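# Breakdown of the fold
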Amino acid sequence: MEYVLIFITAIFVNNIVLSQFLGICPFLGVSKKISTASGMGAAVTFVLTLATIVTYGIQKLVLDPNGLGYLQTIAFILVIAALVQMVEIILKKVSPSLYQALGVFLPLITTNCCILGVAILVIQKDYSLLQGIVFAISTALGFALAMIIFAGLREQLQFSRVPKAVQGMPIALITAGLLAMAFMGFSGVDGGLKVLFGLE
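What counts and what doesn't
Residues numbered from 1 in each chain as written. Predicted model: local features only at pLDDT ≥ 70, side-chain atom pairs only at ≥ 80, totals over all residues. Heavy atoms only, no water. Helix = DSSP H or I, 4+ residues; strand = E, 2+ residues; numbered from the N terminus. Rg over C-alpha atoms; globule rule 2.2 N^0.38 Å. Buried < 20%, exposed > 50% of the residue type's maximum accessible area, 1.4 Å probe, protein only. Areas by Shrake-Rupley, 256 points an atom, 1.4 Å probe, with all protein chains shown as cover. Lys, Arg positive; Asp, Glu negative; His and termini not counted. Charge placed at Lys NZ, Arg CZ, Asp CG, Glu CD. Core = buried A, V, L, I, M, F, W, Y, C linked by side-chain atoms within 4.5 Å. Contact = heavy atoms within 4.5 Å. Expected span 1.5 Å × (residues − 1). Polar contact = N/O pair within 3.5 Å; in protein donor to acceptor, adjacent residues only side chain to side chain. Phe/Tyr/Trp six-rings, centres within 6.5 Å; stacked < 30°, edge-to-face > 60°.

## Focus on the overall build of the protein chain
- Along the protein chain, the regular secondary structure elements total ten helices and zero strands.
- Element order for the protein chain, N to C, with α for helix and β for strand: α-α-α-α-α-α-α-α-α-α.
- At 18 Å, the protein chain has a C-alpha radius of gyration in line with the 16 Å of a compact globule built from 200 residues.
- By principal-axis analysis of the C-alpha atoms, the protein chain measures approximately 60 × 50 × 30 Å.
- Looking at the protein chain as a whole, 43% of its 200 residues are labelled buried.
- Of the roughly 10400 Å² of accessible surface on the protein chain, 70% is carried by carbon and sulfur atoms.
- Put simply, the protein chain has 10 plus and 7 minus side-chain charges, and the middle of one group is 19 Å from the middle of the other.

Have a look at this one:
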C-alpha cells in the first residue's frame, strides 16, 4: 500500500510540474501539440527511471561510503548528461524506429531539471531502490499527464477568441496557472490515503 501511496501522491498531489515547478522549460516549450507532448512524456519516463536507478547506485555505493555527499549535485548532473548520450547512441543502433520517435526529445532531456530534481528527492526522502523506482515512474507519469492536458488545452485555445493582448505565451501561462490550481484540488488526498491504509 505504501507504493500505491507514493504512486498517487507523485502523480496528483505533488505533481513535479504543477506543484514543485520543476521541468517548466519543456512544459511550456514542447506542449503546443498533444503528439509532441506525449513523445516528450515517454522519453522523460524512460530516462527518469534509468537515471534514478544509476544515481541511486552512485550515491549508495560511491558517494556515501567515501564521504563525498557534497559532490552529489555535480555527480548527478554528469551522470544524467552521460546517460542521455548513451541512451541516444544505443537507441540509434539497436532500435532506429524508437530513436526516430524519441530522437527529437532526447537532447532536451539533458537540460530538464525534473530529472535531477527527482534523483535528489529520492535520496532526500531516504527511499529504498524499489521505492525510488516507483517514485521516478509515477513522477514521470505525472509530468506526462500535465504535459498532455496542457497541450490539449493549448490546442483548443487556437480555436478560441483570445484577446490580442494575451495571445501566445501570456495565455499559455494563464492556462498553466489555472491547471496548477485545478491540481491543488488533490491536496490532502495523501493524508486521507494514509489514514485509509493505516500508515499514520
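Anyway, onward from the coordinates.
## Structural notes on the nonpolar core
- Core analysis: the largest hydrophobic core is formed by 52 residues, its most contacted members being F27 and I109.
- Within the residue set of this core, elements represented by two or more residues are α1 (2-13), α2 (24-29), α3 (34-63), α4 (72-94), α6 (106-110), α7 (113-124), α8 (129-157) and α9 (169-183).
- In contact with F27, other than residues within four places in its own chain, are V17, L18, A146, M147, F150, A176 and L179.

## Observations concerning α7
- End to end, α7 covers 16 Å across twelve residues, agreeing with the expected 16 Å (1.5 Å per residue, within 8%).
- In terms of residue burial, α7 counts as a mostly covered element, since ten of its twelve residues are buried.
- Among the residues of α7, C114, I115, L116, G117, V118, A119, I120, L121, V122 and I123 are the ones counted as buried.
- The N-capping residue of α7, defined by a side-chain oxygen 3.0 Å from the backbone nitrogen of C114, is N112.
- Positive backbone phi, approximately 55°, marks D126, located one or two places after α7.

## What about the packing of aromatic side chains?
- Under the criterion given, the structure shown has four aromatic pairs.
- Consider the rings of F12 and F186, whose centres lie 4.9 Å apart with planes at 40°: the pair is tilted. Taken together, the residues span a long stretch of sequence, with F12 in helix α1 and F186 in the loop between α9 and α10 (189-197) at a distance of 174 residues.
- Seen from their ring centres, F27 and F150 are 4.4 Å apart, and the 15° between their planes marks the pair as stacked. Of the two residues, F27 sits in helix α2 while F150 sits in helix α8, which places them 123 residues apart along the sequence. Taken individually, F27 and F150 each receive the classification buried, so the pair is uniform in this respect.
- Grouping aromatic residues by their ring pairs yields a cluster made of F12, F183 and F186.

Honestly, that's just the spatial picture; any functional story needs more than this.
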